[in-house]
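A closer look at the structure
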Amino acid sequence: MKKYYSKFNTMKRIASGTFSGHPAAIIGLIGFLIFVIVAIFAPWIAPQNPYDLMTLDIMDGLLPPMAKLGNGTTAWLGTDALGRDILSSVIYGLRISLFVAFVAVIVGSFLGIILGLLAALKGGWVETLVMRAVDLKVSFPGILLALMMLAIFGTGVDKIIYALIIGTWANKARLTRSSALTEMSKEYIDAAKLAGLSNWRVMMHFLLPNSIAPVLVILPMSISGAIGAEATLSFLGVGVPITEPSLGLLIANGNDYLLSGKWWISIFPGLVLVGLVLCINVVADRIREYNNPYLKSRG
Amino acid sequence: MNTILTVKDLGISYPVGKNEIPALQAIRIDIAPAQVVGVVGESGAGKSTIGKAVLGLLDQNAIIKSGHIEFLGQNMLSMKEAKLESIRGKDIGYIYQNPMTALNPVLTIGEQMIEAIEANTNLRGKKARDYAIELLEQADVPEAEDRLTKYPHQLSGGLCQRIVIAIAISAKPKLIIADEPTTALDVTVQKAILNTLTKLCRQHDVAIMLITHDMGVVAEMCDYLYVLRYGKQVEQGPANDVIYNPQEAYSKQLMAAVPRIDKRVERFVVPGEESIQGKHAALTYLHDKEQSTRNSLQPILSAESLCKTFITPATMFRPKKEFKAVSGASFYVNEGETVGIVGESGSGKSTIGRMLLGLHDLTSGKVTYRGKDLAEFATEKERRKHSLSMQCIFQDPYSSLNPRMSAGQNITYALQAHGMIKEHEASELAGDLMALVGLPRADKDKKPYAFSGGERQRIGIARALAFRPDFLFCDEPTSALDVSVQAELLNLLRDLQKQFNLSMLFVSHDLAVVRYMCDRVIVMKDGVIVEQGSNEQIFDDPQHPYTQSLLAAMPRLENIA
């Protein structure tokens, strides 16, 4: 018990070091946490379940913000063509966007870290294979690769997660390999070898914990990137299915109505998307800055 | 007295969090024209801070608490930056610790020298170039004109330092501040560089403020000495008095800890040192090892014509390159014996050790450990098992411990992984071993960053001891440490060796350390063993000219009692 308490203290110390005295980063962090909480508790927060067709009334379609609906509630952000409350759609869309991005980045990073460590530790053909695969991936425009994959596998939440995993593993593998190579030249790795430890133990208990830091630092940036990529793909119509709209798909839905003055259908999901990515990026910037001793503003 | 530099009551602090940590307190230094003044102390003593303060190059957050610095009658502390710039380089030259990083890698030597000459003198163009060549010649740089077109990476560290010296004296300064000018260099190079520096300063009447931790260098160079500790001045006086007849307790300790080359001392005098006797638990553990079945007449370890060639494979643009790190090295280590390997950097000392330990493959040759040829094992695993009693103490205490494990885990992790001890025993054993190497038992739960360099090295020793080793390879174990810490560690290693009849192969570039530690000595040069013999043979009656030149180059402290 005591141990966890002290771990918590360490985390608190790191967090206060990272964020104190940087109001932009604090606001970003608070904003991000609000988005996450809203997404997690969507069913209790959203005024309407946008997936439940029984609650929708086509007569409420295309109402502007603050309009009263047929059942007496207020649509704060208006409704779309099917009479869905935009606020509720955005809250549920946020949920899908965050879920897809988090799962894709976590799985992709895990994959990248393992491959990077293997490449560094094994060398030889393993390293060649992994690093050429990284080169191949990096030399391809990401969105094009994802479009191709989705064209082959079809669309769906799981498919877009696969596509985003393919998009995120490569730079993590490269980063992990380079920091693992630095660690491998240090003497404690030699000491571990002299102690007759297996490669697996050296990798998991010596190499991994010491070479993972740079990847963790760029993780928030990857998440915001994945959110953007998912929105792009969904906007293009190859992302999530219409029954599980993400922010990108909601923007696409309203796209047809923009020119006829029904701005609210696209603009609100768009604003939330911008706000979310901005919050994450501000936090990510600060984390990167704090961890980079060469930047003067470290404090 | 006629002085060019006067430092009076200087106090400097650095903010750490909300507190201020004093880096220097009440420092008084006077330097007369053409005087060589040494500022000595161990790491953290504030030596470099003095040099930086004189030049106005302190870190931005440094707080000057008191005192003043006067150079040629001008107050340096209240001077504007523009004025300081005109003094730096012109009236005060600076020589850096690492010549390779002090020079700009993308400019040729000529461009850098001429730039400095044009900035600080009236010479321009062709005249500046001619002056640069003249300076290089004065600094004993061979083929001076040719060097002007070279880049720093094409030259050796010693040559680069000569060029830095030439730049420093180019404007005929009154004072040169030399911050550990030879620490990064080999002893034979160090000797020549110091000679050049002294010669030039005599010629041009330049005073030197020599900042160093090396007592030998100080003894050879300095007229007057200031001893610093924890930012305070401990002792000052003419160099000979301070070195050979120190008054203060700390100076006495410091001088007693300096390894001697002219005779083999029995033991360094370290106040407050505990003997390892009486640390029963760890001693019982270490004595409780299987009695090996080897024939005690045979050496525990022998190497026959070891060769290691590093090959850079050919690429499209470059043919294959071979580098012979070690060739034809044969030697043996008897049970309970310490054998030293000395040589300058690049002589292949560490490579030999790495081959013995199986961290490098052999290009050719044979290593026999406890009667078995290490190449005979079918698998890597079996070989490792056989050689578990062969351990290493590494050079760099800052990278030799896993930073994510506590000290105790670092010591016992491998034993646990092999199932040699249980978890509850591990913690106990870690504590015992920590106590044996002179660390508090309770510190076993701290992470490596909480320890100093010397303490980390003790943890490294404890980790090696955990395997109940028969043979220890020590790869410059004290080269990163202060001299008093070095003395403690060398004492500890010798005690351990006597107690457990350990065999050791001890690599060092410092002949004095090898003189203290070793029964027999191997001298290496460019991958070849040039001479081997007993301690007395090598140090008192060296046969090979290289050994003789190494010994002659070592700075000496002759007459300390």
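Remember, it's a predicted structure, so these values are computed and weren't measured experimentally.

Moving on: the overall build of chain B. If you tally the helices and strands in chain B, you get 21 helices and 20 strands. Here chain B has a C-alpha radius of gyration of 26 Å; the compact-globule value for 561 residues is 24 Å, and the two agree. Principal-axis analysis of the C-alpha atoms gives chain B an extent of 75 × 55 × 45 Å. A total of 561 residues make up chain B; the buried ones form 54% of that total. Expressed as a percentage of contacts within chain B between residues at least 6 apart in sequence, the contacts between residues at least 24 apart total 70%. Per element, the accessible surface of chain B, about 24,800 Å² overall, is 49% carbon and sulfur. Of the charged side chains in chain B, 62 are positive and 67 negative, and the gap between their average positions amounts to 3 Å.

For the rest of this paragraph, the subject is the overall build of chain A. A count of helical and extended segments in chain A gives 12 helices and two strands. Overall, the C-alpha framework of chain A stretches about 75 × 45 × 40 Å when taken along its three principal axes. Sorting the 299 residues of chain A into buried and exposed places 44% on the buried side. Long-range pairs, those at least 24 residues apart, make up 68% of the contacts in chain A with a sequence separation of at least 6. Counting 23 positive and 16 negative side-chain charges, chain A places the centres of these two groups 13 Å from one another.

What follows deals with the pattern of salt bridges. Taken as a whole and judged by the stated rule, the model has 30 salt bridges over all chains. Between A:Arg84 and A:Asp80 there is a salt bridge, and its shortest N-O distance comes to 3.2 Å. Residue class for A:Arg84 comes out buried when judged on its relative accessible area of 9%. A salt bridge links B:Glu220 to B:Lys191; the shortest N-O distance between them is 4.0 Å. With B:Glu220 in helix α9 (residues 215–221) and B:Lys191 in helix α8 (residues 187–204), this residue pair connects regions lying 29 residues apart in the sequence. Take B:Glu220: its relative accessible area is 41%, and that puts it in the partly exposed class. Within this structure, A:Arg132, A:Asp135 and A:Arg174 form a network of salt bridges that share partners.

With that out of the way, let us pick up the interface of chain A and chain B. With 15 residues of chain A at the interface, the matching set in chain B holds 23 residues. Of the roughly 1,700 Å² buried between chain A and chain B on both sides combined, carbon and sulfur atoms contribute 59%. Linking chain A with chain B are one salt bridge. B:Arg354 serves as the salt-bridge partner of A:Asp190, at 2.9 Å between the closest nitrogen and oxygen. Viewed at the interface, chain B and chain A are joined by 11 residue pairs in polar contact (both at pLDDT 80 or more). For the side of chain A that touches chain B, the element with the most residues is helix α8 (residues 187–194) of chain A, which contributes six residues. Partitioned by chemical class, the residues of the side of chain A that touches chain B number seven nonpolar, three polar and five charged.

Next up on the list: the packing of aromatic side chains. Residue and element names in this part refer to chain A. Evaluation of the coordinates by the stated rule reveals 11 aromatic pairs over all chains. Where Tyr51 meets Tyr92, the ring centres are 5.2 Å apart and the plane angle is 70 degrees; that geometry is what we call edge-to-face. With Tyr51 in the loop between α3 (42–45) and β1 (67–68) and Tyr92 in helix α4 (residues 86–122), this residue pair connects regions lying 41 residues apart in the sequence. A relative accessible area of 32% places Tyr51 in the partly exposed class. Ring centres of Tyr188 and Phe206 lie 6.4 Å apart, and the angle between their planes is 25 degrees; on these two criteria the pair is classed as stacked. Of this pair, Tyr188 sits in helix α8 while Phe206 sits in helix α9 (residues 199–211), and the two are 18 residues apart along the sequence. Judged by its relative accessible area of 1%, Tyr188 falls in the buried class. Under the relative-accessibility criterion, Phe206 is labelled buried at 6%.

A few words on the sheet that holds strand β18 (residues 503–508) of chain B. Residues and elements named next belong to chain B. Spatial strand order, β16-β17-β18-β13-β19-β20: six strands in an open sheet with mixed pairing. The open sheet has two free edges, formed respectively by β16 (390–393) and β20 (528–534), since each of these has just one partner strand. Along the sheet, successive strands turn relative to each other by an average axial angle of 15 degrees, direction set aside. With four bridges connecting them, β16 and strand β17 (residues 471–475) associate as parallel partners. By the bridge assignment for β17, Ile393 is matched with Cys474.

Residue and element names in this part refer to chain B. One non-glycine residue, Ser305, adopts positive backbone phi at about 30 degrees. Relative to the helices and strands, Ser305 resides in strand β11 (residues 301–312). We note that Arg468 has phi near 50 degrees; this positive angle belongs to a residue other than glycine. Among the structural elements, Arg468 can be located in the loop between α17 (453–465) and β17. Residue classification places Arg468 among the partly exposed positions, given a relative accessible area of 25%.

Moving on, we come to the packing of helix α15 (residues 407–417) of chain B against α17(B). Residues and elements named next belong to chain B. Closest axis-to-axis distance for the α15/α17 pair is 8 Å, and the angle between their directions is 20 degrees. By the angle between their directions, the pair α15 and α17 is classed as roughly parallel. Seen along the crossing, α15 lies across α17 with a hand that is right-handed. Of α17, the residues touching α15 (which contributes Ala407, Asn410 and Ile411) are Ile459, Ala462 and Arg463. Looking at the contact of α15 with α17 residue by residue, the class counts come to four nonpolar, one polar and one charged.

To continue, consider helix α1 (residues 47–55) of chain B. Within α1(B), seven of the nine residues are buried, leaving the element largely enclosed by the surrounding structure. B:Gly56, located one to two residues past α1(B), shows a positive phi value of around 70 degrees.

On to the sheet that holds strand β14 (residues 364–369) of chain B, then. Residue and element names in this part refer to chain B. Within the open sheet, the four strands sit side by side as β12-β11-β14-β15. Their pairing is antiparallel. Since the sheet does not close on itself, it has two edges, and those belong to β12 (321–333) and β15 (372–373), each with one partner. Where β11 lies against β14, five bridges are found, and the strand directions are antiparallel. By the bridge assignment for β14, Glu304 is matched with Lys366. Across the sheet, helix α13 (residues 349–357) is in contact with β11, β12 and β14; its angle to β11 comes to roughly 110 degrees.

What follows concerns helix α4 (residues 109–120) of chain B. At 3.6 residues per turn, the α-helix brings residues three or four places apart onto the same side. Residues and elements named next belong to chain B. With 12 residues, α4 should cover 16 Å at 1.5 Å per step; its first-to-last C-alpha distance of 17 Å lies within 8% of that length. Those residues of α4 that fall on the buried side of the exposure criterion are Ile109, Gly110, Gln112, Met113, Ile114, Ala116, Ile117 and Asn120. The inward-facing, buried residues of α4 abut α5 (125–138), α6 (144–147) and α7 (157–169).

Right, let's get into the environment of B:Arg162. Residue and element names in this part refer to chain B. In this structure, Arg162 sits in helix α7. Here the alpha-carbon distance between Arg162 and Asp361, two residues 199 residues apart in the chain, equals 38 Å. Sequence-distant contacts of Arg162, defined by excluding residues within four places in its chain, comprise Ala139, Asp140, Val141, Ala192, Ile193 and Thr196.

We now examine the environment of A:Phe235. Residues and elements named next belong to chain A. By the secondary structure assignment, Phe235 is in helix α10 (residues 213–235). Taking the relative accessible area as the measure of exposure, Phe235 reaches 37% and is therefore partly exposed. On a C-alpha basis, the gap between Phe235 and Asn255 in space is 9.3 Å, while along the polypeptide they are 20 residues apart. Ignoring sequence-local partners within four residues, the contact set of Phe235 consists of Gly248, Leu249, Ile251, Ala252 and Asn255.

The subject of this paragraph is the packing of α8(B) against helix α21 (residues 545–553) of chain B. Residue and element names in this part refer to chain B. Relative orientation of the contacting elements α8 and α21 amounts to 50 degrees, with a least axis distance of 8 Å. Looking at the two axes, α8 sits oblique to α21. The hand of the α8/α21 crossing is left-handed. Of the residues in α21, those in contact with Val187, Thr188 and Lys191 of α8 are Ser549, Leu550, Ala552 and Ala553.

Cut-off values and rules
Residues numbered from 1 in each chain as written. Chains lettered and ligands numbered in written order. Predicted model: local features only at pLDDT ≥ 70, side-chain atom pairs only at ≥ 80, totals over all residues. Heavy atoms only, no water. Helix = DSSP H or I, 4+ residues; strand = E, 2+ residues; numbered from the N terminus. Rg over C-alpha atoms; globule rule 2.2 N^0.38 Å. Buried < 20%, exposed > 50% of the residue type's maximum accessible area, 1.4 Å probe, protein only. Contact = heavy atoms within 4.5 Å. Areas by Shrake-Rupley, 256 points an atom, 1.4 Å probe, with all protein chains shown as cover. Lys, Arg positive; Asp, Glu negative; His and termini not counted. Charge placed at Lys NZ, Arg CZ, Asp CG, Glu CD. Salt bridge = Lys/Arg side-chain N within 4 Å of Asp/Glu carboxyl O. Buried area = accessible area lost by both parts, 1.4 Å probe. Polar contact = N/O pair within 3.5 Å; in protein donor to acceptor, adjacent residues only side chain to side chain. Nonpolar A, V, L, I, M, F, W, Y, C, P; charged D, E, K, R; others polar. Phe/Tyr/Trp six-rings, centres within 6.5 Å; stacked < 30°, edge-to-face > 60°. Pairing = 2+ DSSP bridges. Axes fitted to C-alpha atoms, helices over the stretch in contact; angles between N-to-C directions. Parallel < 35°, antiparallel > 145°, perpendicular 65-115°, else oblique. Left-handed = near helix turned anticlockwise from the far one by under 90°. Expected span 1.5 Å × (residues − 1).

The analysis is restricted to geometry; functional conclusions fall outside its scope.
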